[in-house]
Amino acid sequence: KHLVSGSLINYTASEGPLDFRKALATFITNACKGDLGSCDKRCSEHHLFAVGGVSAGIELACNVFGGPPGNVVLVESPSYFLAFEIFRSHGYKIVPVPTDKKGICVDKVEGLIRSINNSSDSEIRHHG
């Protein structure tokens, strides 16, 4: 016999409940069409992963994608109040990215990356 994910002890799939991910994918797809005009891309529930909260999501991202201590993390500023502490606990160098009413100021990111590549470690730490 094979067990279906969660059927025996009532846990959901590790990526989160499928109905929730389908609804979220539909919402994201519709929101992107509004923002991008004739966007033909569709978000899929298979591209989404639900976590237990923001801190859990940041911690997961650090463990999966973050790499070794000393790596640089660009973080929107202002940001989630625990984000900086989570990144620091992993030993990452934090560089705040300015935001406006639409979100991250993407026009500032290239300059920040250039300054990181041309800066000493002490200059980067000063930003965090």
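Above: the structure in question.
Model, not experiment: these values are computed from the prediction.

## Here's the deal with a nonpolar patch on the surface
Side chains of Phe 49, Val 51, Leu 60, Val 64 and Phe 65 sit close together on the surface and give an oily, nonpolar patch of about 520 Å² of accessible area. Its place among the elements puts Val 64 in helix α2 (residues 54–65).

## Focus on the pattern of salt bridges
All chains considered together, the criterion is met by 2 salt bridges. Here Glu 110 and Arg 114 are joined by a salt bridge, their closest N and O atoms 2.6 Å apart. Separated by 4 residues within a single helix, Glu 110 and Arg 114 lie in helix α4 (residues 106–117), roughly one turn from each other. Taking the relative accessible area as the measure of exposure, Glu 110 reaches 48% and is therefore partly exposed.

## What about the environment of Ala 23?
With respect to the helices and strands, Ala 23 occurs in helix α1 (residues 18–36). The sequence separation of Ala 23 and Glu 45 amounts to 22 residues, and the corresponding C-alpha distance is 8.1 Å.

## Quick word on the packing of aromatic side chains
This model, assessed by the stated rule, comprises 1 aromatic pair. Arranged with centres 5.2 Å apart and planes meeting at 65°, the rings of Tyr 80 and Phe 81 form a pair that is edge-to-face. Given a relative accessible area of 27%, Tyr 80 falls into the partly exposed group.

## Quick notes on the sheet that holds strand β3 (residues 103–104)
Within a sheet, adjacent strands bond to each other through the backbone by hydrogen bonds, running parallel or antiparallel. The sheet built from 3 strands is open, its strands ordered β1-β2-β3 with mixed pairing. Either end of the sheet is taken by a strand with one partner, and the two such strands are β1 (72–77) and β3. As paired strands, strand β2 (residues 93–100) and β3 are joined by 2 bridges and run antiparallel to one another. Its bridge partner lying in β3, Thr 99 is registered against Ile 104. Contacts from α4 reach β1, β2 and β3 within the one sheet, and its direction differs from that of β2 by about 160°.

Criteria and thresholds
Residues numbered from 1 in each chain as written. Predicted model: local features only at pLDDT ≥ 70, side-chain atom pairs only at ≥ 80, totals over all residues. Heavy atoms only, no water. Patch = residues over 30% accessible without salt bridge, like charges linked within 9 Å, V, L, I, M, F, W, Y side chains within 5 Å. Areas by Shrake-Rupley, 256 points an atom, 1.4 Å probe, with all protein chains shown as cover. Salt bridge = Lys/Arg side-chain N within 4 Å of Asp/Glu carboxyl O. Helix = DSSP H or I, 4+ residues; strand = E, 2+ residues; numbered from the N terminus. Buried < 20%, exposed > 50% of the residue type's maximum accessible area, 1.4 Å probe, protein only. Phe/Tyr/Trp six-rings, centres within 6.5 Å; stacked < 30°, edge-to-face > 60°. Pairing = 2+ DSSP bridges. Contact = heavy atoms within 4.5 Å. Axes fitted to C-alpha atoms, helices over the stretch in contact; angles between N-to-C directions.

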